Amino acid sequence: MEVQELLLNRRSVYPRQYNGTEIPKEALMKALEAANWAPTHKRTQPWRFFVYSQENMQALVDQWIKMAKRNLEAKGEEWTEAAEKKYAAMRQSSHIIGIACHYTGLVPEVEETCAVAAAVQNFWLSLQDQGYAGYWSTGNGIFTEEMHTYMGLGAEEKALGYFLCGVPEGVIPPSIRKPVDEFVIWK
Ligand SMILES: Cc1cc2nc3c(=O)[nH]c(=O)nc-3n(C[C@H](O)[C@H](O)[C@H](O)COP(=O)(O)O)c2cc1C
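Residues numbered from 1 in each chain as written. Predicted model: local features only at pLDDT ≥ 70, side-chain atom pairs only at ≥ 80, totals over all residues.

(A) Region of the structure containing the site of the ligand. Within the structure, the ligand sits among R11, S12, Y135, W136, S137, T138, G139, G161 and S175. Among the elements that line the shell around the ligand, the one with the most residues is strand 3 (residues 133-137), at 3 residues. Residue composition of the shell around the ligand, grouped by class: 2 nonpolar, 6 polar and 1 charged. (Near = placed C-beta within 6 Å. Helix = DSSP H or I, 4+ residues; strand = E, 2+ residues; numbered from the N terminus. Nonpolar A, V, L, I, M, F, W, Y, C, P; charged D, E, K, R; others polar.)

(B) The pairing of strand 4 (residues 157-166), seen in detail. Across the 10 residues of strand 4, 9 count as buried, placing the element largely inside the fold. As paired strands, strand 2 (residues 95-102) and strand 4 are joined by 8 bridges and run antiparallel to one another. Note on strand 4: the bridge partner recorded for I97 is F163. In this structure, strand 3 lies alongside strand 4, joined through 5 bridges in antiparallel fashion. Pairing of W136 across the sheet is with F163, part of strand 4. (Buried ≥ 20, exposed ≤ 12 C-beta atoms within 10 Å, placed from the backbone. Pairing = 2+ DSSP bridges.)

(C) Here's a closer look at the nonpolar core. With 32 residues, the main nonpolar core has I99, V116, V120, F123 and F163 as its most contacted residues. Of all the secondary structure elements, the ones that give two or more residues to this core are helix 2 (25-35), helix 3 (58-75), strand 2, helix 5 (109-129) and strand 4. No other element matches the 7 residues that helix 5 contributes to this core. Setting aside anything within four residues of it in sequence, one finds F123 in contact with A31, L32, A34, A35 and F163. (Core = buried A, V, L, I, M, F, W, Y, C linked by C-beta atoms within 7 Å. Contact = placed C-beta atoms within 7 Å.)

Here it is as structure tokens:
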């Protein structure tokens, strides 16, 4: 695909649209290689990717369910069938990738965070270019101390989300954007 076409067609595709089959390891490695070529000030390469395959993602989804149930309980709300379905669909992912940033102290933290975002975008575009799909999630208590510990991160690291991915099926709904003119200030 042409680069511009790929950029404009990149979509967040959610687990209910994954068919439950696995993305081949070579395709994932190719996308991870693309991620590793994101720009990074002083070449600190601050991205960390924790790759869960179908066999070992179940415990992770159980952890998310445990936290979601606890949050609902605290609000006096019930666990719904819709919630059950949402997490069941997540188990249909081919892989779930924990995204973290490792802060080296060599450059301001914001620069390391930006580099990780660029790496995720590279990963995402490469994956989609190969016919696969996914989305970046910052839900499921990702910024809590509990998830920090669950991911086994150190004091110099921060969780930035999970990338859920799979083999897409069905029609992917279009996305929308306001016109770029609204965000460009020509000086
Ligand atoms: C850093 C980041 C975090 C996101 N977190 C979530 C999330 O927690 N849940 C969700 O449904 N979508 C999440 N998204 C996806 C956005 O909602 C999505 O990109 C947006 O709706 C536009 O859709 P598109 O990517 O198909 O253009 C996240 C995207 C980014 C960049």
